[in-house]
Amino acid sequence: MFRKNNNEKGFTLVETLVSLVILSVALIPILNLSSGVTKTSAIVRDNLIAAGLAQEGVEVVRAIRDTNWFNTREFDSGLDAGAYQVQWDSTSLLSLGGNPVLNLNNGIYTYSGGTPTKFRRTITLTKINAGELKVVSTVAWSTQSSASKSLGAESHLFNWK
C-alpha cells in the first residue's frame with residue numbers, strides 16, 4: 001500500500017492564479033512600451049523620408065542651375081519664380097498640377113509608376129535679385145492620426161560667373 005506523505009510541497013491552484021495575475025500586471029507596461037516604440041519609429045521614419053525628399057528637391061534645382069552654366073546659359077534660365085514639382089531625374093521644373101502624391105517605385109520616389117505614398121513635394125522659387133535665387137522645397141504628409149505635417153529645406157543659389 002501507498003502511504004501519503006503530507007510533507008510534499010507544491011503549488012496550489014490559488015498560488016498559481018496569483019502568480020499569473022502578478023505576471024500579467026508586469027507585462028502590461030512592457031506591451032504599452034512596445035506599442036509606443038512602434039509609433040515613435042513610424043514618426044521618425046516619416047520625418048527622415050520627408051527630410052530626404054526635401055533635400056532632393058533642392059538638389060534637383062541646383063542640378064538644373066549647374067546644367068545651365070555648363071551649357072553657357074544664364075544660371076536661372078528656366079528657373080522662374082513660382083511653385084513647381086520635381087522628381088529625382090527632372091531636367092526642368094514641372095508644373096505643380098494639383099501637387100500629386102509621390103509614388104515609391106523600386107526604392108525611388110517618382111510621379112509615375114509604383115505605389116502611391118503619403119508624401120507631396122512643392123518647390124517654391126523666389127528671385128531675390130539678378131544673381132540670387134531662393135529655393136524652398138517643402139514636403140507635406142498626413143500622419144496616422146490625420147494630422148498634417150510638413151518639413152522643408154531652403155537654399156540660395158547664386159550666379160558665380
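Everything here concerns the structure above.
Keep in mind the model is a prediction, meaning the values are calculated, not measured.

**Details of the overall build of the chain**
For the chain, the helix and strand inventory stands at 1 helix and 8 strands. Going from the N terminus to the C terminus, the chain shows its helices and strands as α-β-β-β-β-β-β-β-β. Relative to the 2.2 N^0.38 estimate, which gives 15 Å for 161 residues, the radius of gyration of the chain is 29 Å and therefore markedly larger than a compact globule would have. With the C-alpha coordinates aligned to their principal axes, the bounding extent of the chain is approximately 110 × 30 × 30 Å. Here the chain holds 161 residues, and 27% of them are scored as buried. Within the chain, contacts between residues at least 6 apart in sequence are counted, and of these 47% link residues at least 24 apart.

**Description of the sheet that holds strand 7 (residues 132–142)**
With antiparallel pairing, 5 strands are arranged side by side in an open sheet as 2-1-6-7-8. Strands with a single pairing partner mark the edges of an open sheet, and in this sheet they are strand 2 (94–95) and strand 8 (148–158). Of the strand pairs in this sheet, strand 1 (residues 82–85) and strand 2 are connected by 2 bridges, and their pairing is antiparallel. Counterpart to tyrosine 84 in the pairing with strand 2 is serine 95.

**Brief notes about the pairing of strand 7**
The pairing of strand 6 (residues 120–129) with strand 7 spans 9 bridges and is classified as antiparallel. If you follow threonine 124 over to strand 7, its bridge partner there is valine 136. Between strand 6 and strand 7, which follow one another and run antiparallel, lie 2 residues. Pairing of strand 7 with strand 8, which is carried by 11 bridges, proceeds in the antiparallel orientation. Across the sheet, lysine 134 pairs through a bridge with histidine 156, a residue of strand 8. Connecting strand 7 to the next strand, strand 8, in antiparallel fashion are 5 residues, including serine 146 with a positive phi near 65°.

**Topic: the pattern of salt bridges**
Per the stated rule, a full pass over the model turns up 6 salt bridges. Among the ionic pairs, arginine 65 bridges to aspartate 66, the shortest N-O distance being 2.8 Å. Look at arginine 65 and you get buried, because its relative accessible area is 6%. Across the pair aspartate 76 and lysine 127 runs a salt bridge whose closest N-O atoms are separated by 2.7 Å. A residue pair is termed long-range when its members are at least 10 positions apart, and aspartate 76 in the loop between helix 1 (13–70) and strand 1 and lysine 127 in strand 6 qualify at 51 residues. Each of Arg45, Asp46 and Lys118 takes part in salt bridges that share partners, so that together they form one network.

Thresholds, definitions, all that
Residues numbered from 1 in each chain as written. Predicted model: local features only at pLDDT ≥ 70, side-chain atom pairs only at ≥ 80, totals over all residues. Heavy atoms only, no water. Helix = DSSP H or I, 4+ residues; strand = E, 2+ residues; numbered from the N terminus. Rg over C-alpha atoms; globule rule 2.2 N^0.38 Å. Buried < 20%, exposed > 50% of the residue type's maximum accessible area, 1.4 Å probe, protein only. Contact = heavy atoms within 4.5 Å. Pairing = 2+ DSSP bridges. Salt bridge = Lys/Arg side-chain N within 4 Å of Asp/Glu carboxyl O.

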